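Report on the structure
The chain contents come next:
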Amino acid sequence: MRSSLRRLAVSLAVSAALGSTAVMAQADPYADVNRLVRAGQLNEALAKTDQYLATKPADPQMRFLKGVILTESGKTSEAIAAFLSLTQDYPELPEPYNNLAVLYAGQSQFDKARAALEMAIRTNPSYATAHENLGDVYAKLASQAYSKALQLDAGNTGAAPKLSLIRSLFSADSRSAQAEKVAAAPATSAAPPAPAVAAAPATPVAPATPAATGGAGQADVESAVQKWAQAWSNKSMPDYLGAYAPSFTPTGGQARSDWEAERRARIVPRQRINVEVNDLDVAVNGDRATARFRQVYTSDTLNVTSLKTLDLVRSGNRWLIVKESTGS
């Protein structure tokens, strides 16, 4: 387990990727602001966002960047107001909810952080960062509850070891975070930290057959991913939903039928959708494959980029999606 505040702060930096230059071909204003932020010139960056928003006050991406800048500048109340306003105007975006949780957790308002993360997950059930952050927030809430139980009953033999366990886990993560902070170069400080506890060895897998790992197998997976993105862009629901395997289970335990109905409600009413797959990296192992890429989504109302991972399986001569996740 990672320290919740450290993990949430990292997720905030990752969410700032919404403003990357990959978002739009004409994204010069966003690129300028990001360069200033990376250079630590926060006042100049804020001035540019205000100048841009004076002519395009509804732009969700620049408003998001302004919230990030306000956060980095230590203007927490203003940052909360900025992200809260985004959730009201663009409730379909999960990132502002996640960043609200960052700020609320920093103020030890863990109930508000929990509510914000639950909204992020409801908006995008495959948002992996929000799921992990929610687990960290629940751990903090548990710590508070066990502490209260011991205040009311100092002889409680059940609460004490549970509280000790949670505190030891967060303490170990804090030491790991501090070591990473000292060792890491400034240019990599926004990268997600390594887990404090070493991961268990991966389960051995059988060697892939030459046919599955060769160029043809990888090309077939790449083609499947591009066809999935094209079906989404064309709002062709039979082709889009047909890209998912019968064994696909939506994140968060949502029923397949409910997930399909939700996807139709999100896709069909849009006047225009374009989904681009950038920096596609495919790994094939036998009848299984993993595709990682940067997804650029634009529609008549939104323009968002995010990291996406698709797990696929071979079904006859097709590759079908069995799992998808968004975020770090």
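This report concerns the structure included in the present document.

1. Focus on the overall build of the protein chain
Looking only at helices and strands, the protein chain features 13 helices and four strands. In the protein chain, buried positions account for 45% of the 328 residues. In the protein chain, once contacts between residues fewer than 6 apart in sequence are set aside, the share between residues at least 24 apart is 58%.

2. Notes on the layout of surface pockets
Computed from the structure, the second largest pocket encloses a volume of approximately 610 Å³. Lining of the second largest pocket is provided by 34 residues; of these, Thr123, Asn124, Trp232, Arg263 and Arg266 occupy positions nearest its centre. Put simply, the parts of the chain that give the lining of the second largest pocket at least two residues each are helix H6 (94-106), helix H11 (215-233), helix H13 (256-267), strand S2 (288-299), strand S3 (303-315) and strand S4 (318-326). Looking at the lining of the second largest pocket element by element, the count peaks at five residues for H13. Looking at side-chain class alone, the lining of the second largest pocket contains 15 nonpolar, ten polar and nine charged residues.

3. Considering the nonpolar core
The biggest cluster of nonpolar side chains holds 68 residues, and the ones touching the most others in it are Trp228 and Tyr240. The element contributing the most residues to this core is H11, with seven residues. Excluding residues within four positions of it along the chain, Trp228 makes contact with Tyr240, Ala243, Tyr244, Phe293, Gln295, Lys308, Leu310, Ile321 and Glu324.

4. Observations regarding the packing of aromatic side chains
By the definition in use, this model includes ten aromatic pairs. Between Tyr240 and Tyr244, the aromatic rings sit 5.5 Å apart at their centres with planes inclined by 70°, giving edge-to-face as the arrangement. Look at Tyr244 and Trp259: their rings are 4.8 Å apart centre to centre, the planes differ by 70°, and that puts the pair in the edge-to-face class. Linking Tyr244 in the loop between helix H12 (237-242) and H13 with Trp259 in helix H13, this pair joins segments that are 15 residues apart in sequence. Each member of the pair, Tyr244 as well as Trp259, is classed as buried. These aromatic residues form a ring-pair network of at least three members: Trp228, Trp232, Tyr240, Tyr244, Phe248, Trp259, Phe293 and Tyr297.

5. Considering the pairing of S3
One ladder, built from eleven bridges, connects S2 with S3; its direction is antiparallel. Bridging from a neighbouring strand, Arg294 pairs with Leu307 of S3. Counting the residues in the hairpin turn of S2 and S3 gives three residues. Looking at chain direction, S3 and S4 are connected through eight bridges and run antiparallel. Along S4, the bridge assignment pairs Asp311 with Lys323. Linking S3 to S4, which pair antiparallel, is a turn of two residues; within it Gly316 sits at a positive phi near 65°.

6. A look at the sheet that holds S2
The strand order across the open sheet formed by four strands is S1-S2-S3-S4, and the pairing between neighbours is antiparallel. Strands at the two margins of the open sheet, each flanked by one partner only, are strand S1 (273-285) and S4. Across this sheet, the average inter-strand angle for adjacent strands is 30°, counted without regard to direction.

Conventions used here
- Residues numbered from 1 in each chain as written.
- Predicted model: local features only at pLDDT ≥ 70, side-chain atom pairs only at ≥ 80, totals over all residues.
- Heavy atoms only, no water.
- Helix = DSSP H or I, 4+ residues; strand = E, 2+ residues; numbered from the N terminus.
- Buried < 20%, exposed > 50% of the residue type's maximum accessible area, 1.4 Å probe, protein only.
- Contact = heavy atoms within 4.5 Å.
- 1 Å grid on protein atoms, 1.4 Å probe; cavity = no way out; pocket = protein on both sides within 12 Å on 5 of 7 lines; lining within 4 Å.
- Points joined across faces, edges and corners; volume = space filled by probe spheres on them.
- Nonpolar A, V, L, I, M, F, W, Y, C, P; charged D, E, K, R; others polar.
- Core = buried A, V, L, I, M, F, W, Y, C linked by side-chain atoms within 4.5 Å.
- Phe/Tyr/Trp six-rings, centres within 6.5 Å; stacked < 30°, edge-to-face > 60°.
- Pairing = 2+ DSSP bridges.
- Axes fitted to C-alpha atoms, helices over the stretch in contact; angles between N-to-C directions.

Geometry only, nothing functional implied.
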